[in-house]
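Here is what each chain is made of, one letter per residue.
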2 protein chains.
Amino acid sequence: MKVCSRDVARAAGVSPATVSLVMNGRTHIALSESTRARVRDAAERLGYRPNQVARNLLTGRTRTLGLLLPSLASSFVARIADGVQREAGDRDQHVLLAHTRRDPAFEQRQIEMLLQHQVEGLVIVASEETLPSLESRLDVLEQAGVPCVVIDDHTHVDRVDCVVSDDRQGAEAAVAHLIHAGHRRIAHWGAGDATSSARDRLGGYRTALRRARIPFSASLVLGDSFRSAPAPEVVRQWLARRNPPTALFAANDRHLAECLPVFRDLRIRIPEDLALVGYANYDFAAYLDLTSVDQDPTALGKAATRRLLDRIASPRMKPSRMDLPTRLVVRGSSTVVPIPVPAPCPAP
Amino acid sequence: MKVCSRDVARAAGVSPATVSLVMNGRTHIALSESTRARVRDAAERLGYRPNQVARNLLTGRTRTLGLLLPSLASSFVARIADGVQREAGDRDQHVLLAHTRRDPAFEQRQIEMLLQHQVEGLVIVASEETLPSLESRLDVLEQAGVPCVVIDDHTHVDRVDCVVSDDRQGAEAAVAHLIHAGHRRIAHWGAGDATSSARDRLGGYRTALRRARIPFSASLVLGDSFRSAPAPEVVRQWLARRNPPTALFAANDRHLAECLPVFRDLRIRIPEDLALVGYANYDFAAYLDLTSVDQDPTALGKAATRRLLDRIASPRMKPSRMDLPTRLVVRGSSTVVPIPVPAPCPAP
DNA sequence: CTGTCGTACTAAAACGTGTTAGCTTGCCAT
DNA sequence: ATGGCAAGCTAACACGTTTTAGTACGACAG
């Protein structure tokens, strides 16, 4: 059934060694052109397909990277994976997929699996749930001698390469934009302080305020308390108090999208009564005319993969952190634009 | 550096064969409990990790599935991939990822790669671009003796297992819903006729009309001409003609989302002047209050994976087609709801 | 005839594991 | 003593490649 190099060798009247030399285009050893042709012909005729598994075992190299992510259900993560896959394809590396399911125990088993499969490196997409155990995972990987790159969190830059988007700068640009539009009471709806990106967004928010000499007020910062209650509930109570903010910078477009009905319900006009800026620039942000900070997750995936391959090539380098630029996309939720039909569509 | 079974054997004072027996929990051959303990202990101490590559070569089994998809950038595809990965994880299979990049030539190379890696089966997510060459890919796979399952197209059910969502039923439900709401002139914005799902949606549309004794009118069906021009342009011209439809069933939420500004611009009220039903139920459909047909892509991925594993287990089965049920999610774009919050965007 | 050299090819080892036939040892029955 | 048997373990092969040392052979010079 399955045809191996021995079969080809027999058919071409040569030895398996010769088949190998021909198939791999090795020229440092002399082979007559007629032999080469005979081998190629036999391989073609028999439908010979070299067995990568055998090759990997012998050479000790697999050209395979592990991609460990929380879940592909998140489009942000999926686009990162797309970038990884694209870059890997260009450098012809293969990608073995693994989920953590946001469960540390499951993650551990998956890492074990990837190592047993002899992956040469690991791209890890961080998630809040698996972040606490990341350090011990790094121990395991280090001991196994398998390098890795962490995407979307830089808490452990001292030990491992990190590729993140420049959330500090992104947040700062978002808030500066609101300040420029005349706002002074700007609220921030954060994402807690578990991840470095959440902390950085808060940091960028504070920096922008400081630069404009606007005092920081803790009462204007809403943590990740929305986790215990639905976002609309939280924001409803929050806006009901006296002296509400005139602008809101949210750490995630999704919070804003979920709250739009609440704003309509409360007769809060966007952007006149409340200007909104989100984060991540999901595709629905365009449809909802939400100003947002674009992160380019595909670029994250590509950059991480490049970095990983560089490290595999030269393992001694000092771990580095890479901050990919973000881009503020201004839409109707933060500015009153002249044309009544903003621009979620290709302009005429 | 890398510790192998021989090292463990030496450390435990046994042979590699014994190590293998212990590590794999084989009990059909008697081993004293003390030996088992010694081996386990040594393995633990040395950080022994069995080499899957060697194991795969020897046993000829890899427990690895190939997942071939157009691109992870589409959230629909990504959610299918999520389902595949989840189901594979549960049956402890591994997943080797491959992109087609919507390019038949690249796809061919990727399939070759997957086969060389000795995947035991292939999940193929169909795309319009690679559909024409699918048949010849099936030839290759058949000859290699590697089974596969196609998701999202059933053109080739005669040769291969197909897992699709029941688009005929989904479309019928959508249109029946519009008819039930009193509409008679219902337009259909299709997706061409290249894919079976596009054809099925058109079929469901016609069935619903027939059941309600509404004559089919070709002038109410818009093909995939939007590919040559931006969707808003197309729909603008289309609605400008005399005797426009009172309802629109689109093969894709995205078309509707992009056209909402056009409707606003033309002073067409949703749903009073034009009722809308989309397809796929993207997350933004909820935010935009769009009625849509939900497809559950995760279930598609899971079902396909189950089917693939069944076929690997018993290759002689006749190829089958599996239609996963769809679910109509009624929102404000198709019915006047009691609460006056139909506005898709933060309207001024 | 012998030695040298280049060309064309191959034999054999290696990668790390799983399987199985067979070996050793001790024990018990004859 | 001898045979039989079970328990406990191992030797050796196999998987399909790649690599390298080495062989065979002809040509050609001395």
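Draft legend 1. The arrangement of the domain arrangement of chain A in detail. The domains assigned to chain A are domain 1 (5–50), domain 2 (62–161 + 297–319) and domain 3 (167–295). If you average the C-alpha positions of domain 1 of chain A and of domain 2 of chain A, the two centres end up 38 Å apart.

Draft legend 2. Molecular detail of the relation of the copies chain B and chain A. Superposition of chain B onto chain A requires a rotation of 180° combined with a translation of 0.0 Å along the rotation axis, giving an RMSD of 0.1 Å. Such a turn and shift between the copies fits a two-fold axis. Comparing interface residues between copies, 91% of those in chain B also lie at the interface in chain A; the contact surface is shared.

Draft legend 3. Seen up close, the environment of Val262 of chain B. All names here are of chain B. Here Val262 is to be found in helix α11 (residues 253–265). Assessed through its relative accessible area of 3%, Val262 is described here as buried. It is 6.8 Å that separates the C-alpha atoms of Val262 and Arg236, two residues lying 26 residues apart in sequence. Not counting the four nearest positions on each side in its chain, Val262 is found in contact with Pro232, Val235 and Arg236.

Draft legend 4. Region of interest: helix α8 (residues 167–180) of chain A. All names here are of chain A. The first and last C-alpha atoms of α8 sit 19 Å apart over 14 residues, in line with the 20 Å expected at 1.5 Å per residue. Listing the buried residues of α8 in full gives Asp167, Gly170, Ala171, Glu172, Ala174, Val175, His177, Leu178 and Ile179. Two residues or fewer past α8, Gly182 is found with a positive phi of approximately 105°.

Draft legend 5. Spatial organisation of the protein's contact with DNA strand D. Lining the immediate surroundings of DNA strand D are 26 residues, of which Ser5, Ser20 and Leu58 of chain A together with Thr18 and Thr35 of chain B lie closest. Sugar and phosphate atoms form 61% of the subset of DNA strand D atoms that lie within 4 Å of the protein. The separation between a phosphate oxygen of DNA strand D and a polar side-chain atom of Arg55 of chain A is 3.2 Å. Taking Thr35 of chain B, its side chain carries an N or O atom lying 2.5 Å from a phosphate oxygen of DNA strand D. At the level of secondary structure, the elements contributing two or more residues to the surface near DNA strand D comprise α2 (16–23) and α4 (52–59) of chain A together with α2 (16–23) and α4 (52–59) of chain B. Of the residues contributing to the surface near DNA strand D, the split by class is 15 nonpolar, eight polar and three charged.

Draft legend 6. Representation of the protein's contact with DNA strand C. Thr18, Ser32 and Thr35 of chain A together with Ser5 and Leu58 of chain B are the nearest of the 25 residues found near DNA strand C. Separating a phosphate oxygen of DNA strand C from a side-chain N or O atom of Tyr48 of chain B is a distance of 2.8 Å. Within the backbone of Asn51 of chain B, one N or O atom sits 3.1 Å away from a phosphate oxygen of DNA strand C. Residue assignment for the surface near DNA strand C shows that the elements contributing at least two residues are α2 and α4 of chain A together with α2 and α4 of chain B. A per-element tally of the surface near DNA strand C places α4 of chain B first, with four residues. Its residues assigned to classes, the surface near DNA strand C shows 14 nonpolar, nine polar and two charged.

Draft legend 7. Fine view of the sheet that holds strand β8 (residues 247–250) of chain B. Residues and elements named next belong to chain B. Strand order in the open sheet made by the six strands is β7-β6-β8-β9-β10-β12, with mixed pairing throughout. Edge positions in the sheet fall to β7 (221–222) and β12 (327–329), since each has one partner strand and no second. In terms of strand pairing, strand β6 (residues 186–189) meets β7 through two bridges, oriented parallel. What sits directly across from His188, in β7, is Val221.

Draft legend 8. Seen up close, the pairing of strand β2 (residues 94–99) of chain B. Most of β2 of chain B sits out of view: six of its six residues are buried. By the alternation rule, side chains of β2 of chain B split into His94, Leu96 and Ala98 of chain B and Val95, Leu97 and His99 of chain B, which are all buried. In this sheet, β2 of chain B lies alongside strand β2 (residues 94–99) of chain A in antiparallel orientation, the contact comprising three bridges. Bridged to Leu96 of chain A within β2 of chain B is Leu96 of chain B.

Draft legend 9. Fine view of the packing of helix α1 (residues 5–12) of chain B against helix α3 (residues 33–46) of chain B. Residues and elements named next belong to chain B. One way to put it is that α1 packs onto α3 with a least axis distance of 9 Å and a crossing angle of 125°. Between α1 and α3, the angle is such that the two are oblique. Classified by chirality, the crossing of α3 by α1 is right-handed. Residues Asp7, Val8, Ala11 and Ala12 of α1 lie in contact with α3, whose contacting residues are Arg38, Val39, Ala42, Ala43, Arg45 and Leu46. A breakdown of the residues in the contact of α1 with α3 according to their chemical character gives seven nonpolar, no polar and three charged.

Reading the values: the criteria
- Residues numbered from 1 in each chain as written.
- Chains lettered and ligands numbered in written order.
- Predicted model: local features only at pLDDT ≥ 70, side-chain atom pairs only at ≥ 80, totals over all residues.
- Heavy atoms only, no water.
- Domains from an automatic or database assignment.
- Least-squares fit on C-alpha atoms with pLDDT ≥ 70 in both.
- Contact = heavy atoms within 4.5 Å.
- Helix = DSSP H or I, 4+ residues; strand = E, 2+ residues; numbered from the N terminus.
- Buried < 20%, exposed > 50% of the residue type's maximum accessible area, 1.4 Å probe, protein only.
- Expected span 1.5 Å × (residues − 1).
- Near = heavy atom within 4 Å.
- Polar contact = N/O pair within 3.5 Å; in protein donor to acceptor, adjacent residues only side chain to side chain.
- Nonpolar A, V, L, I, M, F, W, Y, C, P; charged D, E, K, R; others polar.
- Pairing = 2+ DSSP bridges.
- Axes fitted to C-alpha atoms, helices over the stretch in contact; angles between N-to-C directions.
- Parallel < 35°, antiparallel > 145°, perpendicular 65-115°, else oblique.
- Left-handed = near helix turned anticlockwise from the far one by under 90°.

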